[in-house]
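Each chain is listed here by its residues.
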Amino acid sequence: MSISAESDAAQQERAVTDKVVASFDTTASPRLREVMQSLVRHLHAFARDVRLTQAEWEAGIEFLTRTGHITDERRQEFILLSDVLGLSMLTVAINAPATAGATESTVYGPFFVDAAPEIPFGGDIAAGASGTPCLVEGTVRSTDGTPVRGARIDVWEADDDGFYDVQYDGDRIAGRGWLRSDDKGRYRFWSVVPAPYPIPADGPVGDLLTAAGRSPMRPAHLHFKVAAPGHRTLITHVFVAGDEHLDHDAVFGVKDSLVVDVVREGPGDAPDGTTRTEPWARIRFDIVLAPDHEG
Ligand code: BEZ
Ligand code: FE
């Protein structure tokens, strides 16, 4: 191919991109126009960069079709895809930039459920989820140190076998619940010691991880969503110190500031006044919310 023929081909490729970008000029919403025109430019640049073949384009379409087919109200393969591509964590970084002194955010994940039960201060979210009982307690404060009373604290976690309730058949609700911080901003609940688990790997996203030689494992963690008036809603986890998967979380969610010790205890009296007949554990996690006028 001559140099001028090459540049003709490049010009034809650019003309396709220019045409498609221009087709969105009439978009009424300026934001949608900006997003779509940028998406087209980057998508086309990607195809040019890798010199996308027809067979690869078909494989991509087939992959996305399978991703759609496996998605239903209990399984969200598109979120999983976003997670393993790091798009979820990048979106977190863009939208919840670290505020000095505030607890850091991390990925939401696909297992939050709106209809979780309310539990009292000191209540138990396990509701039959397997695992060593774990007392989780701490405070919710503003960045200026003021205790936040009445914050809504949603928590959810996998059981000792690495499964969330929604991954079981039936309408099981276990390992999740919500409570409010008390007048001094304190919270306390029982759960089970978080366990490491693989993200659902029996679909197209799992096939992608296998092809890439990547592990589907997430380090042990407990999810938190903390909301209070005047504060930015925090979506985060606590991770368990010493977990072997901390350095290669399948969804890139680990932040050092979120890694906490799980203190193992023998049978005996717990700080909440209960007497435990079996070994138990405790986690302390103090939460600092950013004011909502920032970012
Ligand atoms: C989770 O932690 O629940 C999760 C996050 C991303 C993908 C799959 C699961
Ligand atoms: Fe999780």
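As the structure is a computational prediction, the values presented were derived from the model and not from experiment. Each chain has its residues counted from 1, following the order in which its sequence is written. Labels are handed out in written order, letters beginning with A for the chains and numbers beginning with 1 for the ligands. Where local features are concerned, this predicted model is filtered to residues with pLDDT of at least 70; where side-chain atom pairs are given and counted, the filter is 80 or more; whole-chain, interface and lining totals use all residues. With hydrogens and water stripped out, all remaining heavy atoms of the structure feed into the side-chain values.

(A) Just the UniProt feature "domain: Intradiol ring-cleavage dioxygenases" (unreviewed entry) in the protein chain, in detail. UniProt records the feature "domain: Intradiol ring-cleavage dioxygenases" (unreviewed entry) at residues 136-164, using the numbering of this structure. Starting at the N terminus, helices and strands are each numbered in turn, a helix being any DSSP run of H or I of at least four residues and a strand any DSSP run of E of at least two. Along residues 136-164, the helical share is 0% and the strand share 41%, with 18 Å between the first and last C-alpha atoms. UniProt positions are given in the numbering used here, feature names are shortened, and annotations may be inferred rather than shown by experiment.

(B) Representation of the coordination of the iron ion (ligand 2) in the model. Ligating atoms shown are N, O and S within 2.8 Å of the metal, or 3.2 Å for Na, K and Ca, and water is not included, meaning a site may look less than complete. Within the first shell, the iron ion (ligand 2) binds the protein through Tyr 164 (OH), Tyr 197 (OH), His 221 (NE2) and His 223 (NE2), at distances of 1.9 to 2.2 Å. Seen from the iron ion (ligand 2), its 6 donor atoms lie at angles of 55 to 164°, and the figure they make is irregular. When the donors of the iron ion (ligand 2) are listed by position in the chain, the intervening gaps give Y-x32-Y-x23-H-x1-H. One end of the pair, Tyr 164, is in the loop between β2 (152-156) and β3 (176-180); the other, Tyr 197, is in strand β5 (residues 197-198), and 33 residues separate them in sequence. With a 1.4 Å probe rolled over the protein chains alone, any residue whose accessible area is under 20% of its type maximum counts as buried; one over 50% counts as exposed, and the rest are partly exposed. Residue class for Tyr 164 comes out buried when judged on its relative accessible area of 0%. Key to geometry: four donors with every angle between 85 and 135 degrees are tetrahedral; four donors are square planar and six octahedral where opposite donors lie over 155 degrees apart and all remaining angles lie between 65 and 115; all other sites are irregular.

(C) Molecular detail of the packing of aromatic side chains. Pairing of aromatic rings covers Phe, Tyr and the six-membered ring of Trp, with a centre-to-centre limit of 6.5 Å; geometry is then stacked below 30 degrees between planes, edge-to-face above 60, and tilted otherwise. Applying the stated criterion across every chain yields a total of 11 aromatic pairs. Aromatic side chains Tyr 187 and Phe 189 sit 6.1 Å apart centroid to centroid with 25° between the ring planes, which places their arrangement in the stacked category. Residue classification places Phe 189 among the buried positions, given a relative accessible area of 0%. Aromatic ring contacts, followed pair by pair, group Tyr 187, Phe 189, Phe 224 and Phe 285 into a single cluster. Whether a charge sits over a ring depends on NZ of Lys or CZ of Arg being within 6 Å of the ring centre and within 35 degrees of the ring normal. Here the basic side chain of Arg 172 rests over the ring of Tyr 168, its NZ or CZ set 4.3 Å away from the ring centre. Positioned over the ring face of Phe 112 is Lys 225, at 4.6 Å from the centre of the ring.

(D) Region of the structure containing empty space enclosed by the protein. Using only the protein atoms, space was sampled on a 1 Å grid; points where a 1.4 Å probe fits but cannot get out form cavities, open sets with protein on both sides within 12 Å along at least five of seven lines form pockets, and lining residues are those with an atom within 4 Å of a point. Grid points are joined across faces, edges and corners, and a volume is the space filled by probe spheres set on the points. This model, assessed by the stated rule, comprises 2 cavities of 30 Å³ or more. Volume-wise, the largest cavity comes out at about 80 Å³. Every residue along the wall of the largest cavity is listed here: Leu 80, Asp 83, Val 107, Gly 109, Pro 110, Phe 111, Tyr 197, Ile 199, Pro 200, Arg 218, His 223 and Val 251. Following the grouping adopted for this structure description, the nonpolar residues are Ala, Val, Leu, Ile, Met, Phe, Trp, Tyr, Cys and Pro, the charged ones are Asp, Glu, Lys and Arg, and the polar ones are all others, Gly among them. A breakdown of the residues in the lining of the largest cavity according to their chemical character gives 8 nonpolar, 2 polar and 2 charged. What the second largest cavity holds in volume is close to 30 Å³. Lining the second largest cavity are Phe 112, Val 113, Ala 116, Asp 154, Val 155, Trp 156 and Arg 176. Broken down by element, the lining of the second largest cavity gets its largest block of residues, 3 residues, from β2. A class-by-class count of the residues in the lining of the second largest cavity yields 5 nonpolar, no polar and 2 charged.

(E) Examining the environment of Arg 264 more closely. Checked against the element boundaries, Arg 264 lands in strand β10 (residues 263-265). With a relative accessible area of 55%, Arg 264 lands in the exposed category. Taking the C-alpha atoms as reference points, Arg 264 and Thr 233, separated by 31 residues in sequence, lie 31 Å from one another. Whether two residues are in contact is decided by their heavy atoms: any pair within 4.5 Å suffices. The contact partners of Arg 264, leaving out residues within four places of it in the chain, are Thr 132, Val 193, Trp 280 and Ala 281.

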